[in-house]
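Observations on the three-dimensional arrangement
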Amino acid sequence: MKSSHTEQHSELNEVDLDAVSQESARQELDEYLESIKEREKGLKAMESAQQDLEDQLEDANTEVDRLRRELDKAQVEAEESEYLRQETENARKQLENTLYSMQEGVENSKVTDLRDERMHRRQGVLGIDAVTRGPFVKGMFTGALLGGMAMLLALEIFALFNDKGELISLLLNSASG
């Protein structure tokens, strides 16, 4: 009986051992699955952080490109400004040289003109017409003659519009008539 009890005991032990080992394997498997889930969460967090870093890097590269374009534009503007400054400086120097040569020319002409100012011909010299008022009388007579002719022309046009015929023939008819 002792041997049957031992056999039973060893069978129970084997069954118990098998159940214990299965339970132990199940717990290890649960722990392993839990560990895998935790690692997956960590990987997802790392992937998210990596994506954020990539986005930040892309934004930084975009900003660097924008700043490079602005720098290039500023360099072009600086070069244009320098060119315009040089052109302005050259124009100023040319103007100074021209003014200097003109001043030399004026000074040279003053030196070579030996005539006295009193010898220069005057523009407002009095003539006989200014004393006798001849042009004034002549102008009045011409103005009166032109005014009379303009009046006669206006009356002729007025007579034609009033259907009375020509003014001259009308005057001749009334004088002979």
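Quick caveat, the model's predicted, so the values are computed rather than measured.

1. Details of the overall build of the protein chain
The secondary structure content of the protein chain amounts to 4 helices and 0 strands. Of the regular secondary structure in the protein chain, the N- to C-terminal order runs α-α-α-α. The proportion of buried residues among the 177 residues of the protein chain is 2%. Summed over all atoms, the accessible surface of the protein chain reaches about 16900 Å², with 59% contributed by carbon and sulfur.

2. Focus: a nonpolar patch on the surface
Nonpolar side chains collect at one region of the surface, where Phe141, Leu145, Leu146 and Met149 lie side by side and expose about 470 Å² of accessible area between them. Inspection of the secondary structure puts Phe141 in helix 3 (residues 134-161).

3. Section: a negative patch on the surface
Taken together, the side chains of Asp52, Glu54, Asp55, Glu58 and Asp59 make up a negatively charged region of the molecular surface. Tracing the backbone shows Glu54 in helix 1 (residues 2-112).

4. Some thoughts on the pattern of salt bridges
Summed over the entire model, instances satisfying the criterion amount to 8 salt bridges. Of the charged contacts in the structure, one is a salt bridge between Arg26 and Asp30, with a shortest N-O distance of 2.9 Å. Residue Arg26 and its partner Asp30 are both found in helix 1; the two are separated by 4 residues, about one turn of the helix. Put simply, Arg92 and Glu96 hold a salt bridge, and the shortest N to O gap is 2.4 Å. One end of the pair, Arg92, and the other, Glu96, are both in helix 1, 4 residues apart, so they sit about a helical turn from each other. Residues joined in a network through salt bridges with shared partners are Glu23, Arg26 and Asp30.

5. Remarks on the confidence of the model for the protein chain
Averaged over all residues, the pLDDT of the protein chain is 81; the fraction at 70 or higher stands at 73%. Per-element confidence in the protein chain ranges from a low mean pLDDT of 58 for helix 2 (residues 128-132) to a high of 86 for helix 1.

Cut-offs applied
Residues numbered from 1 in each chain as written. Predicted model: local features only at pLDDT ≥ 70, side-chain atom pairs only at ≥ 80, totals over all residues. Heavy atoms only, no water. Helix = DSSP H or I, 4+ residues; strand = E, 2+ residues; numbered from the N terminus. Buried < 20%, exposed > 50% of the residue type's maximum accessible area, 1.4 Å probe, protein only. Areas by Shrake-Rupley, 256 points an atom, 1.4 Å probe, with all protein chains shown as cover. Patch = residues over 30% accessible without salt bridge, like charges linked within 9 Å, V, L, I, M, F, W, Y side chains within 5 Å. Salt bridge = Lys/Arg side-chain N within 4 Å of Asp/Glu carboxyl O. Lys, Arg positive; Asp, Glu negative; His and termini not counted. Charge placed at Lys NZ, Arg CZ, Asp CG, Glu CD. pLDDT = per-residue confidence, 0-100.

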